[in-house]
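# Commentary on secondary and tertiary structure
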Amino acid sequence: MAQYRKLRMGMVGGGPGAFIGPVHRIAAELDGKIELVAGAFSQSPERSRAAGESYRIDPGRCYADYRAMIAAEAQRADRIDFVTIATPNHLHLPVAVAALEAGFPVMSDKPATATYAEAIALEQAVAKAGLPYGLTHTYAGYALVREARAICASGKLGRIRKIAVEYLQGWLSRPIETTGQKQAAWRADPALNGPGGCIGDIGVHAFHLLEYVTGLQVTSLQATLRSVVPGRRVDDDCTAVLGLDNGAGAVLMASQVAAGEGNGLRLRVYGEMGSLDWRQEDPNRLRLRWLDGAEEIRHAAGAYLSDDARAVTRLPGGHPEGYLEAFAVLYREFADALVAWKQGQANPLPATLPGICAGVRGMRFIDRAMTSSQSKSWVEF
Ligand code: NAD
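Residues numbered from 1 in each chain as written. Predicted model: local features only at pLDDT ≥ 70, side-chain atom pairs only at ≥ 80, totals over all residues. Heavy atoms only, no water.

### Comments concerning the overall build of the protein chain
To keep things clear, this is the line we draw: Secondary structure elements follow DSSP: runs of H or I no shorter than four residues count as helices, runs of E no shorter than two count as strands, and numbering proceeds from the N terminus. Between the two quantities, the radius of gyration covers C-alpha atoms and the globule rule is 2.2 Å times the number of residues to the power 0.38. Contact criterion: two residues are considered in contact whenever any of their non-hydrogen atoms come within 4.5 Å of each other. Surface accessibility follows the Shrake-Rupley procedure with a 1.4 Å probe radius. Residue values consider only the protein chains on display as shielding. For the purpose of charge, His is not counted, nor are the chain termini; Lys and Arg are scored as positive and Asp and Glu as negative. For charged residues, the charge sits on one atom: NZ in Lys, CZ in Arg, CG in Asp, CD in Glu.
The helix and strand inventory of the protein chain stands at 12 helices and 14 strands. Rg of the C-alpha trace for the protein chain: 20 Å, near the compact-globule value of 21 Å for 381 residues, within the 12% margin. Taken along the three principal axes of its C-alpha coordinates, the protein chain extends 65 × 55 × 40 Å. Taking the intrachain contacts of the protein chain between residues at least 6 apart in sequence as the baseline, contacts between residues at least 24 apart amount to 70%. Accessible surface computed for the protein chain: about 15800 Å², of which carbon and sulfur atoms make up 53%. Positive and negative side-chain charges in the protein chain, numbering 41 and 40 respectively, have mean positions lying 0 Å apart.

Written as structure tokens, this is what we have:
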């Protein structure tokens, strides 16, 4: 039976002034498969209601907290189909567990949890509930990231030897967490963020992109995490050397004190026969260089792209797609998987959509990097 109605989403987080909650709403609704109908948007009931008004949500479905949302929605005939989590990290585990225990699938923002121990608990909760769980590692939704992934899988680069991944931002170059800046305040508080600052906020994206594109797994690492800005309670700058399961080596750099940088995520993969280079700030082009051939630039929407890349392209070539569209790709895959699951398919999540395994690996990466930095030594993954 086809699913003709839109899937109903309940969001936790995304209150007034929030960064990523509104992005989730736009991305979820972009393809017309999902609509936001309920939420606990803020820890303040008034602000939750104000956010609901701005999203044009029935005031009766703007809840004072997530437990109230889950309890009330579970009783409704037109209940939400899943819960989206867009809160600071310390709430990812409790909200996900509450949703799963009430029978609601979950789409969560990264990092999966605040600590590695919590990620193990979440993995168990997902397995026990047997419900779909997706994780919004946004960059996995870009067409040319899918193309890079397909190229690595095809073996065209030859055996991969070296990877350089960097994620450089400059917005925390000053101690803006002490000025009340909303996004910085909780990120600099280990109780709300978890112990890994820059490594947990953006290092984990770089780590995910590396494994997602190459299909390789990190097996060992040596990391140095620093708090460059005086008084900051979490790291704001990280450098890691990584060993991969095929014997390749990688360097991962993440910094939030790289003055002048915006969202400088870049991945370079070097194989025996050639290399690829993708930059998030120029996402519609993928640069390929060959040992025995000319340099090649692949453009988003090119008819020559892999099936995986073309499947997530919406517009003809020359019409740039970006962050919102990439985010929406993840929601579209999640929506299609939910419909398949409702129709009885046991494991409907596609391999292209990050899920609980990626979440646990990401949290392990943060944990291992912190251990390595503290002990000043190589650690096994
Ligand atoms: P933010 O501070 O802008 O927004 C957090 C929102 O959560 C706020 O509206 C706040 O009121 C709300 N909130 C806090 N406690 C709550 C509670 N108990 N109940 C309901 N709502 C509550 O933070 P942000 O930058 O949007 O980050 C939120 C999450 O998204 C983080 O986990 C972050 O790591 C992640 N994030 C992911 C990406 C990505 O690329 N996928 C980008 C940015 C942020």
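Here the narrative resumes.
### Some details on the pairing of strand S9 (residues 249-255)
Defined as follows: Two strands are counted as paired when DSSP detects at least two bridges linking them.
Relative to S9, strand S6 (residues 160-168) runs parallel, the two being bridged by 7 bridges. The residue bridging Val165 from the neighbouring strand is Leu252, located in S9. Bridging between strand S8 (residues 237-244) and S9 involves 7 bridges; their strand directions are antiparallel. Bridging from a neighbouring strand, Val241 pairs with Val251 of S9.

### Brief notes about the site of the ligand
The cut-off we apply is this: Working definition: residue near molecule or strand if any one of its non-hydrogen atoms lies within 4 Å of it. Contacts described as polar in this section are N or O atom pairs within 3.5 Å, which, within protein, must combine one atom able to donate a hydrogen with one able to accept it, while residues neighboring in sequence count only if both atoms come from side chains.
Within the structure, the ligand sits among 29 residues, and Gly15, Phe19, Ile20, Asn89 and Gln183 are positioned closest to it. One nitrogen or oxygen atom from the side chain of Asp109 is found 2.9 Å from a nitrogen atom belonging to the ligand. The side chain of Arg187 places a nitrogen or oxygen atom 3.0 Å from an oxygen atom of the ligand. Relative to its unbound accessible area of 840 Å², the ligand is 94% covered by the protein chains. Counting residues per element, the shell around the ligand draws most heavily on helix H7 (residues 182-187), at 4 residues.

### Focus: helix H5 (residues 116-129)
To keep things clear, this is the line we draw: Here the expected span of a helix is defined as 1.5 Å times the quantity of residues minus one. Only protein chains enter the accessibility calculation, which uses a 1.4 Å probe; a residue is then buried when its area is under 20% of its type maximum, exposed when over 50%, and partly exposed in between. Note: the arc covers the axis-to-C-beta directions of the helix.
For H5, which comprises 14 residues, the first-to-last C-alpha distance of 20 Å matches the rise-based estimate of 20 Å (1.5 Å per residue) to within 8%. Of all the residues in H5, the buried ones are Ala119, Leu122, Ala125 and Val126. Each buried residue of H5 sits inside an arc of 120 degrees when the element is viewed along its axis, so together they form one side. Seen from the buried face of H5, the exposed residues on the opposite side, beyond 90 degrees, are Ala117, Gln124, Ala127 and Lys128. The elements touched by buried residues of H5 are helix H4 (92-101), strand S5 (133-135) and helix H12 (356-375). Just past H5, the residue Gly130 takes up positive phi, approximately 65 degrees.

### Some thoughts on the packing of aromatic side chains
Quick note on the threshold: Ring pairs are drawn from Phe, Tyr and Trp, using the six-membered ring of Trp, whenever the two centres fall within 6.5 Å, and their geometry is named by plane angle: stacked under 30 degrees, edge-to-face over 60, tilted for the rest.
This model, assessed by the stated rule, comprises 11 aromatic pairs. A ring pair is formed by Tyr139 and Tyr142, whose centres lie 6.2 Å apart and whose planes are at 0 degrees; its orientation type is stacked. A residue is classified by how much of its surface remains accessible, and Tyr139, at 4% relative accessible area, is buried. A residue is classified by how much of its surface remains accessible, and Tyr142, at 4% relative accessible area, is buried. Ring plane angle 85 degrees and centroid distance 6.0 Å describe the contact between Tyr139 and Tyr167, whose orientation is recorded as edge-to-face. Of this pair, Tyr139 sits in the loop between S5 and helix H6 (143-154) while Tyr167 is found in strand S6, placing the two residues 28 residues apart along the sequence. Residue classification places Tyr167 among the buried residues on the basis of a relative accessible area of 2%.

### Remarks on the sheet that holds strand S4 (residues 106-108)
Sheet strands associate in pairs through backbone hydrogen bonding, adopting either a parallel or an antiparallel arrangement. Quick reminder of the rule: For helices, the fitted axis covers only the stretch in contact; all axes are lines through C-alpha atoms, and the angles between them, taken along N-to-C directions, range from 0 to 180 degrees.
In spatial order, the strands read S2-S1-S3-S4-S5; together these 5 strands make up an open sheet with parallel pairing. The sheet is open, and its two borders are formed by strand S2 (34-40) and S5, each paired with just one other strand. The sheet shows a mean angle of 25 degrees between the axes of neighbouring strands, direction not considered. Bridge analysis of strand S1 (residues 7-13) against S2 gives 6 bridges, and the strand direction is parallel. Opposite Arg8, over in S2, you have Glu35 as the bridge partner. Of the strands in this sheet, S1, S2, strand S3 (82-86), S4 and S5 are in contact with helix H11 (residues 323-342), which crosses S1 at around 125 degrees.

### Side note on the packing of H4 against H5
Relative orientation and spacing of two packed helices are given, respectively, by the angle between their axes and the distance between those axes. The line we're drawing: Reported orientations rely on four angle classes, namely roughly parallel under 35 degrees, roughly antiparallel over 145, roughly perpendicular from 65 to 115, and oblique for the rest. Under this grouping Gly is polar, as are all residues other than the nonpolar Ala, Val, Leu, Ile, Met, Phe, Trp, Tyr, Cys and Pro and the charged Asp, Glu, Lys and Arg.
Across the interface, H4 lies against H5 with an axial gap of 10 Å and an inter-helix angle of 10 degrees. By the angle class used here, H4 and H5 are roughly parallel. Note on element contacts: H5 touches H4 through Glu118, Ala121, Leu122, Ala125, Val126 and Ala129, opposite Leu93, Ala96, Val97 and Leu100. In terms of residue class, the contact of H4 with H5 is made up of 9 nonpolar, no polar and 1 charged.

### So, the pairing of strand S12 (residues 285-290)
Along any regular strand the residues' side chains alternate between the sheet's two faces. Two elements, strand S11 (residues 274-279) and S12, share 5 bridges in a ladder whose sense is antiparallel. Directly across from Trp278, in S12, lies its bridge partner Leu286. Between S11 and the antiparallel strand that follows it, S12, lie 5 residues. Both S12 and strand S13 (residues 296-299) contribute to a ladder of 4 bridges, which runs antiparallel. Within S13, the residue paired with Arg285 across the bridge is His299. Where S12 folds back on S13, the antiparallel hairpin that results is connected by 5 residues.

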